[in-house]
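# Coordinate inspection notes
Spelled out, the chains give:
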Amino acid sequence: MNQGIGQESFSIFDTYFEAMIRHHGNNGTDRTTGTDGKSGYTSSRLEIVRTDWTIRREHEVRCISESAMVELSFCFEGCGQVEVSGGAHDLQEGSCSLQLMRDFSASFRYEQGTRVRTLALGMPVWLFNEYHSSVSAAGPFDRLLGTGSFRQFRCPILPVTRGLLQELEDCPYTGAMKDMYLEAKALELFAVYTNRFLYEKDSQAPVSGTLSRTDRQKIREAREEIIRRMDAPPSLLELSRIVGINDYKLKLGFKELYGTSVFAYLREQRLHKACELLRTGDMSVSEAAARVGYMNFSHFAEAFRRKFGVNPSVYRKEPR
């Protein structure tokens, strides 16, 4: 394994984040580093970067890199415009993208006041090729990228991976065990999405793209509304009236942006919020259930157990 290639590829992250920090400050960047103090893990296999930017002013951020890398990125919140080597696309909230890049130039533009919350998983080319060597002896990275400098595959965040993303966020370990745990979760995410993009029969199907920019903004407002009112959420019809979009477009658009239905998303958010409340130990199980909108305690306990594999009363008592 050529560890130098791994370190060189992660300089792409360096270029982007140095430019963003220069314009918007380091207000939520977390780069996971290995025990040797270098970017990525001790083997230079992967790098995990969480960002939570608040855009201070509208500004175009440019970066250029001669390195090569495979990146799996998740956009949880925010929108913007990105242009990479002449090709333009929107940053889409609730989406996941697999990106292959080398010798490229890029520019990023976000509106003032926008919050941009993302997770990026970087993999060096040599490791990507090793995992996919049985598919193409010529080198999967070069075969997929061809003579270009950038290629992107994108889809809504798959519901099956939301638990994985939360586990990555809530890592229970420290030190070397933390590195092992995070790498395992990151590789599992790479496996799910590379299979989705590269090997499933419909993987080449384009993203729907039926939503206008205004529609996407209204659907984001709908998501914020149900989170804000999760203890007593509006009906789908009422929600569509609040944000000014018809209920049919809201249902389809929400699925397109977030990969799940409105109320399946609400259920997930309720359970994660309840988990957060119980983690502090300051609230009883029944109080946490009521706070997130569950009036039936047994229904809450069953949903919590199905989601997290443990009864909420047991979870509340576990040491943190």
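This section reports on the structure supplied with the text. (Residues numbered from 1 in each chain as written. Predicted model: local features only at pLDDT ≥ 70, side-chain atom pairs only at ≥ 80, totals over all residues. Heavy atoms only, no water.)

## A few points about the pattern of salt bridges
Put simply, the test is: Salt bridges are defined by distance alone: a side-chain nitrogen of Lys or Arg within 4 Å of a carboxyl oxygen of Asp or Glu. Elements are defined by DSSP. Helices are runs of H or I of four residues or more, strands are runs of E of two residues or more, and each kind is numbered from the N terminus. A simple rule labels every residue: compare its accessible area, found with a 1.4 Å probe on the protein chains alone, to the largest value its type can have, and call it buried under 20%, exposed over 50%, or partly exposed in between.
Within the structure shown, the criterion is met by 16 salt bridges. The closest approach of N and O atoms between E77 and R117, which form a salt bridge, is 3.4 Å. Of this pair, E77 sits in strand 3 (residues 59–77) while R117 is found in strand 7 (residues 115–123), placing the two residues 40 residues apart along the sequence. On the accessibility criterion, E77 (14% relative accessible area) is buried. Residues joined by salt bridges that share partners form a network here, namely D52, E77, R115 and R117.

## What about the pairing of strand 2 (residues 47–54)?
Selection criterion: For two strands to be treated as a pair, DSSP must find no fewer than two bridges joining them.
Of all 8 residues making up strand 2, 6 are buried, and the element is well covered by its neighbours. Where strand 2 meets strand 7, 8 bridges bridge the pair, whose relative direction is antiparallel. Pairing of T54 across the sheet is with R115, part of strand 7.

## Remarks on a nonpolar patch on the surface
Convention followed: Like charges are joined within 9 Å and nonpolar side chains (Val, Leu, Ile, Met, Phe, Trp, Tyr) within 5 Å, but only among residues with over 30% relative accessible area and no salt bridge; these make up the patches. Only the protein chains shown count as covering a residue, and every accessible area follows the Shrake-Rupley method with a 1.4 Å probe.
Where nonpolar side chains cluster on the molecular surface, the patch consists of Y173, M177 and M180 and spans about 320 Å² of accessible area. Mapped onto the secondary structure, M180 falls in helix 6 (residues 175–199).

## Topic: the packing of aromatic side chains
The way to describe two aromatic rings as a pair is by their centre distance and the angle between their planes. What counts is decided by this rule: Planes of paired rings set the category: under 30 degrees apart is stacked, over 60 is edge-to-face and the rest tilted, where pairs are Phe, Tyr or Trp rings (Trp by its six-membered ring) whose centres lie within 6.5 Å. Throughout this description, the term charge over a ring refers to an Arg CZ or Lys NZ atom that lies within 6 Å of the ring centre and within 35 degrees of the ring normal.
Considering all chains together, one arrives at 10 aromatic pairs under this definition. With a centroid separation of 5.5 Å and an interplanar angle of 75 degrees, the aromatic rings of F254 and Y265 are classed as edge-to-face. Taken together, the residues span a long stretch of sequence, with F254 in helix 9 (residues 247–258) and Y265 in helix 10 (residues 262–280) at a distance of 11 residues. Neither F254 nor Y265 differs from the other in exposure class; each is buried. Members of the aromatic cluster, connected to one another through ring pairs, are F74, F76, F153, Y193 and F197. Just above the ring of Y294 sits the side chain of R270; from NZ or CZ to the centre is 5.6 Å.

## Considering the side chain of R45
The residue R45 is located in the loop between strand 1 (30–32) and strand 2 in this model. Given a relative accessible area of 16%, R45 falls into the buried group.

## As for the environment of Y110
Along the polypeptide, Y110 turns up in strand 6 (residues 95–110). Taking the C-alpha atoms as reference points, Y110 and E58, 52 residues apart in sequence, are found 5.9 Å from one another.

## Some points on the packing of helix 8 (residues 236–243) against helix 9
Here is the rule we go by: A fitted line through C-alpha atoms serves as each axis, taken over the contacting stretch for helices, and the angle formed by two N-to-C directions is quoted from 0 to 180°. Small angles under 35 degrees read as roughly parallel and large ones over 145 as roughly antiparallel, with 65 to 115 read as roughly perpendicular and the rest as oblique. Should any heavy atoms of two residues lie within 4.5 Å, those residues are counted as being in contact. By the convention adopted, Pro, Cys, Tyr, Trp, Phe, Met, Ile, Leu, Val and Ala count as nonpolar, Lys, Arg, Asp and Glu as charged, and the other residues, Gly among them, as polar.
Packing of helix 8 against helix 9 brings their axes to within 9 Å, and their N-to-C directions diverge by 95 degrees. Judged on the interaxial angle alone, helix 9 and helix 8 are roughly perpendicular. Residues L236, L237, L239 and S240 of helix 8 pack against D247, L250 and K251 of helix 9. For the contact of helix 8 with helix 9, the per-class residue count stands at 4 nonpolar, 1 polar and 2 charged.

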